[in-house]
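# Overview (structure and organization)
Residues per chain, in single letters:
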Amino acid sequence: MKRATRTLGVGAGDASQMPSDQPANRRGALVPRQRDALVEAIVVPNTLWEAADPLAYGGGQPTEITHLRELELSSDARRDNGRWAATLEIIPTKADYVLDLIRANSLWPLLSGLACCAIEMMSAATSKNDMDRWGMFPFRASPRQADVLIVAGTLTTKMAGPLLRLWEQMPEPKWCVAMGDCTCSGGRYKRSYSTIEGIDRIMPVDVYVPGCPPRPEGLIYGMMKLQQLIKDRRGHWPERAIGPTVPDGV
Amino acid sequence: MATSAPISRRRASADDPRVILEEQVGVFEPVPPFPPRTEREAEFYTLGDGEMFLNMGPQHPSTHGVLRVVVKINGEVVTDLDPVLGYLHRGVEKLCENSDYHQAICYLDPLEYVSALFCEWPAVMAFEKLMDVTVPRRAEYIRVLSGELLRIASHALFMGWMALDLGGLTPILWSFIERDEIVEMLGALTGARMLFNYYRIGGVNGDLNHEFMSRLGDWMTRATEQHDANVRLLNENEIFVRRMRDLGRVDRETALRMCMTGPNLRATGVPFDVRRSHPYSVYPELDFDIPTRDEGDCLARYLLRLDEVKQSLRIIDQCLNQMPDGPVMAKLPRLLRPRPGRAYAAVESPRGQYANYAISDGTDQPFRLRIHDPSFIHLQSVGLLMPGHLIADTMAVMASLDPIMGGVDK
């Protein structure tokens with residue numbers, strides 16, 4: 001194979017310089033940063049995904065902001081949803097990760113029991129299985145103060161509207177835990193004419209806790225999985241979607 | 001996403017179960033019925049001078065589930081109210097008609113989910129009457145033993161909820177400690193903590209085991225002491241007692257007219273208890289009292305349930321002493337086809353008379369299973385009890401009736 005002809009001594013195409021000769025590639029070019037050195041967190045433009053509804057995320061305008069400090073001062077960050085920048089066009093990096101660590105360790109569930117599982121949810125909150133030990137306790141009665149919606153109990157068609165309204169009233173970032181077989185898949189009331197076979201038909205679900213009802217330890221395990229999920233996702237939610245989980249033909 | 005967005009759901013076609021149909025189900029919007037459908041609705045949804053509506057629920061921290069109450073208030077005083085039911089309607093009776101006699105029992109558990117065994121018991125008794133099955137005596141004793149244990153757990157939860165609805169947080173922590181011990185014990189016996197599916201047609205599913213007995217013995221040594229501590233926790237609290245006294249008073253005639261049963265009726269002075277009035281199982285062989293009180297207010301209903309716990313402890317003690325040996329399950333064919341007929345059975349659940357009426361048409365599935373739930377009966381009397389009280393007291397009245405929404409909506 002014939003090599004492309006290169007001129008000598010002209011800029012990047014200079015054939016006399018090998019890639020290893022570049023200044024950044026020489027031995028000793030990188031040294032560890034000092035521990036107490038200040039690092040400016042940067043914002044990476046999002047090339048991975050886009051909003052299905054552009055109006056929902058700041059008009060879908062691409063941002064030219066590259067530093068978190070600028071972002072904080074801009075109108076993009078001054079939004080009501082508690083997350084750095086409402087636009088999906090940027091991926092906040094370090095600060096959002098730290099914020100998610102804080103969020104994961106202070107989950108405020110909504111005090112909303114639908115049926116049998118609510119008793120086990122209360123049991124998980126009281127003295128014997130004290131959820132407060134992992135930062136999951138303060139059950140809020142108002143959806144505007146809550147982070148996590150634990151759907152505990154059978155969801156009927158009549159209750160679906162109020163539950164959706166509760167979910168929409170919760171501020172971002174928010175998560176949903178489906179507790180019990182009825183909310184995961186319909187459970188023992190799957191064949192009924194008045195129940196919804198799994199709440200993932202009407203709202204996104206982050207963690208499924210099966211059982212009829214699950215033990216309090218099971219709910220705590222599910223909430224710990226949610227904490228891990230929040231930490232792992234680092235502020236982005238690519239796979240979060242509403243839709244039937246039943247594969248075709250089942 | 002708008003709340004009125006349609007929900008799609010998938011179900012098998014009635015003609016060919018292999019064909020999956022996708023159908024759209026509309027979401028119910030909880031709006032008042034306009035135009036009004038009845039005269040009562042027209043009267044209720046017309047505001048008088050100085051009156052306004054207050055909507056409580058279906059998501060409300062103290063409504064014991066998904067009950068919605070539209071309250072008409074004048075200042076702080078409740079003048080009228082309209083409970084809206086059906087937020088937990090799961091179609092249990094219809095499901096039971098389409099399953100065989102064994103499967104029907106598992107649909108009944110989550111009705112009164114705080115005391116699930118009492119939902120199975122009348123159905124099992126009605127089916128046994130249909131099939132002329134004689135239950136072994138040991139199985140009957142085990143049923144009584146586990147049932148009374150669950151009654152204590154249910155009354156313990158009542159105590160916690162009652163205080164929680166009045167604003168006290170500590171009692172519910174205490175009551176859940178007691179409830180968790182009992183439920184773990186029953187978990188060792190039945191395999192589940194809440195929805196047991198333990199009573200079977202012709203007996204119970206499994207004999208007493210070592211873990212259950214050791215846990216029970218451990219608990220029995222301190223049960224009386226723990227109960228006394230629970231009693232002392234609130235009975236001497238002057239704020240609690242003065243708030244509860246004369247609240248939601250119902251007299252004897254009204255209670256009988258509204259078909260109240262259980263502790264709510266006995267708190268008005270009527271000593272009606274299904275265990276004594278229409279004896280079933282081995283209750284005639286056991287010695288216990290029927291506590292009554294005459295006041296008929298919230299405090300009487302609360303204190304009466306505490307008295308019942310003592311009687312339940314007595315029954316458990318006698319059960320353990322008199323427990324006979326023998327099988328725990330009658331010999332039955334796997335496929336049950338009773339003769340056509342009708343059977344009625346009632347038990348005394350922690351909330352009152354829990355009854356089932358079963359009709360058999362000779363097939364392996366019940367033709368009809370009617371569920372009579374005391375929570376539903378008691379909830380109809382809130383319209384009489386609440387008007388005249390303050391808004392803050394409505395939930396206390398509701399809690400003192402102890403309705404469970406699973407049983408109300410079925």
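Everything below is about the structure shown above.
Worth saying up front: this structure is predicted, and the values here are computed from it rather than measured. (Residues numbered from 1 in each chain as written. Chains lettered and ligands numbered in written order. Predicted model: local features only at pLDDT ≥ 70, side-chain atom pairs only at ≥ 80, totals over all residues.)

### Examining the overall build of chain A
A tally of regular secondary structure across chain A gives six helices and five strands. Sequence-ordered secondary structure for chain A, helices as α and strands as β, is β-α-β-α-α-β-α-β-α-β-α. Looking at chain A residue by residue over its 250 residues, the buried ones come to 39%. For chain A, the proportion of contacts with a sequence separation of at least 24, taken over those separated by at least 6, is 74%. (Helix = DSSP H or I, 4+ residues; strand = E, 2+ residues; numbered from the N terminus. Buried ≥ 20, exposed ≤ 12 C-beta atoms within 10 Å, placed from the backbone. Contact = placed C-beta atoms within 7 Å.)

### A word on helix 4 (residues 117-131) of chain B
Residues and elements named next belong to chain B. In this model helix 4 runs 21 Å from its N-terminal to its C-terminal C-alpha over 15 residues, within 8% of the 21 Å that 1.5 Å per residue would give. Burial runs high along helix 4: 14 of the 15 residues are buried. Where helix 4 ends, the next residue or the one after it, Asp 132, has phi of about 55 degrees, a positive value. (Expected span 1.5 Å × (residues − 1).)

### Some thoughts on the sheet that holds strand 5 (residues 207-209) of chain A
Residue and element names in this part refer to chain A. Strand order in this open sheet of three strands is 3-4-5, and the pairing throughout is parallel. Looking at strand neighbours, the two that pair on one side only are strand 3 (148-152) and strand 5, the edges of this open sheet. Strand-to-strand, the axes of this sheet are offset by a mean angle of 20 degrees, without reference to chain direction. Bridge analysis of strand 3 against strand 4 (residues 175-179) gives five bridges, and the strand direction is parallel. Counted as the bridge partner of Val 148 is Trp 175 from strand 4. Packed on one face of the sheet, helix 3 (residues 117-125) meets strand 3 and strand 4 and runs near 130 degrees to strand 3. (Pairing = 2+ DSSP bridges. Axes fitted to C-alpha atoms, helices over the stretch in contact; angles between N-to-C directions.)

### Details of the interface of chain B and chain A
Opposite the 37 residues of chain B that make contact, chain A presents 41 residues. Looking at the side of chain B that touches chain A, the elements with two or more residues in it are strand 1 (7-12), helix 2 (92-97), helix 3 (101-108) and helix 6 (170-190) of chain B. For the side of chain B that touches chain A, the leading source of residues is helix 6 of chain B, giving five residues. In the side of chain B that touches chain A, the residues fall into 22 nonpolar, eight polar and seven charged. (Nonpolar A, V, L, I, M, F, W, Y, C, P; charged D, E, K, R; others polar.)

### What about helix 6 of chain B?
For helix 6 of chain B, built from 21 residues, the straight-helix expectation of 30 Å at 1.5 Å per residue is met to within 8% by its first-to-last C-alpha distance of 30 Å. Of the residues flanking the end of helix 6 of chain B, it is Gly 191 of chain B, one or two places downstream, whose phi is positive at about 100 degrees.

### Things to note about the packing of helix 5 (residues 137-165) of chain B against helix 12 (residues 298-322) of chain B
If you want to describe how two helices pack, look at the angle between their axes and the distance between the axes. All names here are of chain B. Between helix 5 and helix 12, the least distance of the axes is 9 Å, while the angle of their chain directions is 155 degrees. Regarding the angle of helix 5 to helix 12, the classification is roughly antiparallel. Taken as a pair, helix 5 and helix 12 cross one another with a handedness that is left-handed. Seen from helix 5, the contacting residues are Tyr 141, Val 144, Leu 145, Glu 148, Leu 149, Arg 151, Ile 152, His 155, Phe 158 and Met 162; seen from helix 12, they are Tyr 302, Arg 305, Glu 308, Val 309, Ser 312, Ile 315, Ile 316, Cys 319 and Gln 322. When its residues are assigned to classes, the contact of helix 5 with helix 12 shows 12 nonpolar, three polar and four charged. (Parallel < 35°, antiparallel > 145°, perpendicular 65-115°, else oblique. Left-handed = near helix turned anticlockwise from the far one by under 90°.)

### Some details on the nonpolar core
Membership of the largest hydrophobic core comes to 160 residues, with the highest contact counts inside it found for Met 121, Leu 149, Val 151, Val 177, Ala 178 and Met 179 of chain A. The greatest single-element share of this core, amounting to 17 residues, is contributed by helix 5 of chain B. Contact partners of Leu 149 of chain A, with chain neighbours within four places excluded, come to Leu 110, Ser 112, Leu 166, Trp 167, Met 170, Lys 174 and Cys 176 of chain A. (Core = buried A, V, L, I, M, F, W, Y, C linked by C-beta atoms within 7 Å.)

### Quick word on the sheet that holds strand 8 (residues 341-349) of chain B
Residue and element names in this part refer to chain B. Pairing is antiparallel across the open sheet formed by three strands, whose spatial order is 8-9-10. Only two strands of the sheet have a single neighbouring strand rather than two, namely strand 8 and strand 10 (366-372). With direction set aside, neighbouring strand axes in the sheet form an average angle of 15 degrees. Across nine bridges, strand 8 lies against strand 9 (residues 352-360) in antiparallel orientation. Each bridged residue has a counterpart across the sheet, and for Ala 343 the counterpart in strand 9 is Ala 358. Contacts from helix 4 reach strand 8, strand 9 and strand 10, with the element oriented near 150 degrees to strand 8.

### Thoughts on the pairing of strand 9 of chain B
Residue and element names in this part refer to chain B. The element strand 9 is largely enclosed, with a buried count of seven among its nine residues. The antiparallel hairpin formed by strand 8 and strand 9 contains two residues in its connecting segment. In terms of strand pairing, strand 9 meets strand 10 through six bridges, oriented antiparallel. Counted as the bridge partner of Asn 356 is Ile 371 from strand 10. As consecutive antiparallel partners, strand 9 and strand 10 are separated by five residues, and within that stretch Gly 362 has a phi angle of approximately 95 degrees, a positive value.

None of the figures reported here should be taken as evidence of function without further support.
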